[in-house]
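The primary structure of each chain is shown beneath.
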Amino acid sequence: MTARTEAAPQAARWRAMAGAPVLLAALVLAVLWHIAVGARQIPLAEVVAALTRPDPALFDHVVIRDLRLPRAVYAVTVGASLSVAGALMQGVTRNPLAEPGLLGLMAGASFAVVIWVALSGQTGGGMMPLVAAVGALGGATLVWGIASAAPGGAQPLSLILAGAAVTAFLGAIVTLAHLLDEQTFQSLRVWLNGTLSGRSWEVFLWSSPWFAAGLALSLLLARQVTALAMGDEVATGLGVDVARIKLLALGAVVALTAASVALAGPLGFVGLVIPHVVRLFAGSDCRVIVPLSALTGAIYLVVVDILARVVLAPLEIATGLVTALVGGPVFLWLVRARL
Amino acid sequence: MPAAAISPPRPFEGKALSRGQSMLLLCRDVVSGYGPDPVVRGVDFAARPGQVTALIGPNGCGKSTLLRTLARVIAPRAGRVLLNGQDIGSLSTRAVARQVALLPQGPVAPEGLTVRELVAQGRFPHQTLLRQWSAQDSDAVARALEQTDLADLADRPVDSLSGGQRQRAWIAMVLAQETGILLLDEPTTFLDLKVQVDILSLLARIARDEGRSIVVVLHEINMAAAFADNIAMMAAGRILAEGPPGAVVTRANLARVFDLEAEVLSAPGGYPVCIPARSGMAGHSLRAAAE
């Protein structure tokens, strides 16, 4: 027996996790850059000063603390959450195209939020993530039901088609409601494209338990999801309670998607792109993929949000448009390479 | 039912399970299946320690369903599956996985997974969130790689291997699980004859040397006759004949169970060999008479 054979497989796992400190450093830099950029460019030194020794008398410090830092926090949280949701969905379903946006969860969540806002007139409060969660669950159930009824059952392709149909259908109803009541929907118009601008800290606070629970659950499930990648029957033979794990994973994905949509609207393709990028350098163990997807997704959305504000400055592009511009081509590449 | 007397169980003496405790898996009057009509219709069966038992029978006879029921993947509709005297349905998936390993038919490894990573998955039921990897896990993986002769290929991706090597890697995974009972569903289907021989010899050696109970669903009557200690022949959801190959693989049983007209010769090794007649449909009336 050689030393090479003795090497435990978790050595490979720690090697892959060695990328984490690098990603963490990159995330800190990206966040500082994100805060510095804006209608008024603030020097990095001033950004660091505002974060470490805030001076309420300085206008720049107030802007950073009240406006720019919260937006960076939203980008980090939503980017991490959507990427983890995508990684979990791809792992559990063994479907490379699984993602909250493509499989109807986002459409369901935003539909439910729009209906809720129209009926209640509230655009904030603790009901937002709850309503979004109910909608996300409904959207997922609808898509899965339609795909299962299709000839051949719930295959990657039938799921994508069902997801597209449900998204288009719910989108049409939202547009219809918009035509009937322009007043209410004015405030939702930008949000419906996916945006990190002008979001309230209050909605973030209400969403944060959902983010925290979803991320914690995902990390706890990662080991079992890795075993699921080899098929339900193999996983059962290895001692995974498959039905229970799938249910818990659905819960985590719904919580993460709902909180993200409640805060930033439907940001498409983040959950699709990031896990695939992470797998390129981190292998196939979900215990590595989930935390690295969180970091990479956070960096990605922070950088995307910088681009959204810089490319056409002083105009700002909705963040969701940028994620779609980047994610669309990646989606097409995946369809060609993996289906 | 012509079943041979059950031989006294010998304990599984693998390194990790040297508790001197024998693992017994058996079922009583089991009725099981997914659809409206049960596929397994009243089966008594026991996995025998230290032996390879082959489940054979025509397509759709219920042999895979019986295996899945024994592995607790399917809950029986009637009857009981007992693991060391306890109803298997009352045990957790994980508790079962520490004692019974299952290799389903045609498993697919995730893209890029290495042989070592695959085999390490076999340690899953022995690990918890807090205790994720131990020296014992490393030993089990190394031993399984050695037994299946895969130590040199350990760092290759599973999807880059040949069919036979890939199947050996999956077998290594269930070996690393260090269970007293191994259930394998058609582990030799679609493989070359030489590779089939290698895999079945390996299983026979493991059963004999380590006292593990191995139950294997096979397609090939002759492979079962050559390598199994026991054969259970199934047709239409029931075990029609069970016992050592010499007693079970007979002209009459082949006609009754498989609707196959064949001569049975004795191979130099002492086990029976079946030689099909050119027109294999003549046994039809015999089967009708049997039912």
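Let us look at the structure shown here. On a predicted model such as this, the values are computed, not experimentally measured, just so you know.

Looking at the overall build of chain B
Part 1 of the reasoning: Of regular secondary structure, chain B possesses 10 helices and 12 strands.
Part 2 of the reasoning: The 291 residues of chain B split such that 53% are buried.
Part 3 of the reasoning: Pairs at least 24 apart in sequence give 67% of the contacts found in chain B among residues at least 6 apart.
Part 4 of the reasoning: When the accessible surface of chain B is summed, it comes to about 12300 Å², and 53% of that surface belongs to carbon and sulfur atoms.

Remarks on the sheet that holds strand β3 (residues 52–56) of chain B
Residue and element names in this part refer to chain B.
Part 1 of the reasoning: Reading across the sheet, the six strands line up as β6-β7-β8-β3-β9-β10 and stay open at both edges, with mixed pairing between neighbours. Looking along the sheet, the strands with just one partner apiece sit at the ends: β6 (100–103) and β10 (238–243). Shown here is a sheet whose adjacent strand axes are inclined to one another by a mean of 15°, direction ignored.
Part 2 of the reasoning: Most of the contacts of helix α5 (residues 163–176) go to β6, to which it runs at about 165°, and overall it touches β6 and β7 (181–185).

Re α5 of chain B
Part 1 of the reasoning: Taking 1.5 Å of rise per residue, the 14 residues of α5 of chain B would be expected to cover 20 Å, and the 20 Å separating its terminal C-alpha atoms lies within 8% of that figure.
Part 2 of the reasoning: Taken as a whole, α5 of chain B has its buried residues at G164, Q167, A169, W170, I171, A172, M173, V174, L175 and A176 of chain B.
Part 3 of the reasoning: Those residues of α5 of chain B that are buried are in contact with α11 (232–237) of chain A together with β6, α3 (115–121), α4 (135–147), β7 and α6 (193–210) of chain B.
Part 4 of the reasoning: At the C-terminal side of α5 of chain B, E178 of chain B shows a positive phi close to 50°.

Considering unusual backbone geometry
Part 1 of the reasoning: Even without being glycine, R94 of chain A reaches a positive phi, approximately 50°.
Part 2 of the reasoning: Assessed through its relative accessible area of 37%, R94 of chain A is described here as partly exposed.
Part 3 of the reasoning: Here A236 of chain B, not a glycine, exhibits a phi torsion of approximately 50°, which is positive.

Brief notes about the pattern of salt bridges
Part 1 of the reasoning: Considering all chains together, one arrives at 16 salt bridges over all chains under this definition.
Part 2 of the reasoning: The partner of D60 of chain A in a salt bridge is R40 of chain A, and the shortest N-O contact between them spans 2.7 Å. Here R40 of chain A lies in the loop between α3 (19–36) and α4 (44–52) and D60 of chain A lies in helix α5 (residues 59–93), a separation of 20 residues in the sequence.
Part 3 of the reasoning: Note on D60 of chain A: relative accessible area 13%, which makes it buried.
Part 4 of the reasoning: Taking the shortest distance from any N to any O, the salt bridge between R123 of chain B and E178 of chain B comes out at 3.4 Å. With R123 of chain B in the loop between α3 and α4 and E178 of chain B in the loop between α5 and β7, this residue pair connects regions lying 55 residues apart in the sequence. In terms of burial, R123 of chain B and E178 of chain B fall into one category: buried.
Part 5 of the reasoning: A single network of salt bridges, built from pairs that share partners, joins R123, D137, R143 and E178 of chain B.

Section: the pairing of strand β4 (residues 78–83) of chain B
All names here are of chain B.
Part 1 of the reasoning: Of the pairings in the sheet, the one linking strand β1 (residues 25–32) to β4 comprises five bridges and is antiparallel in character. Its bridge partner being in β4, R28 is matched across the sheet by R80.
Part 2 of the reasoning: In terms of strand pairing, β4 meets strand β5 (residues 86–87) through two bridges, oriented antiparallel. Each residue of the ladder has a partner; that of L82, found in β5, is D87.
Part 3 of the reasoning: Between β4 and β5, which follow one another and run antiparallel, lie two residues, and N84 among them has a positive phi close to 50°.

Thresholds, definitions, all that
Residues numbered from 1 in each chain as written. Chains lettered and ligands numbered in written order. Predicted model: local features only at pLDDT ≥ 70, side-chain atom pairs only at ≥ 80, totals over all residues. Heavy atoms only, no water. Helix = DSSP H or I, 4+ residues; strand = E, 2+ residues; numbered from the N terminus. Buried < 20%, exposed > 50% of the residue type's maximum accessible area, 1.4 Å probe, protein only. Contact = heavy atoms within 4.5 Å. Areas by Shrake-Rupley, 256 points an atom, 1.4 Å probe, with all protein chains shown as cover. Pairing = 2+ DSSP bridges. Axes fitted to C-alpha atoms, helices over the stretch in contact; angles between N-to-C directions. Expected span 1.5 Å × (residues − 1). Salt bridge = Lys/Arg side-chain N within 4 Å of Asp/Glu carboxyl O.

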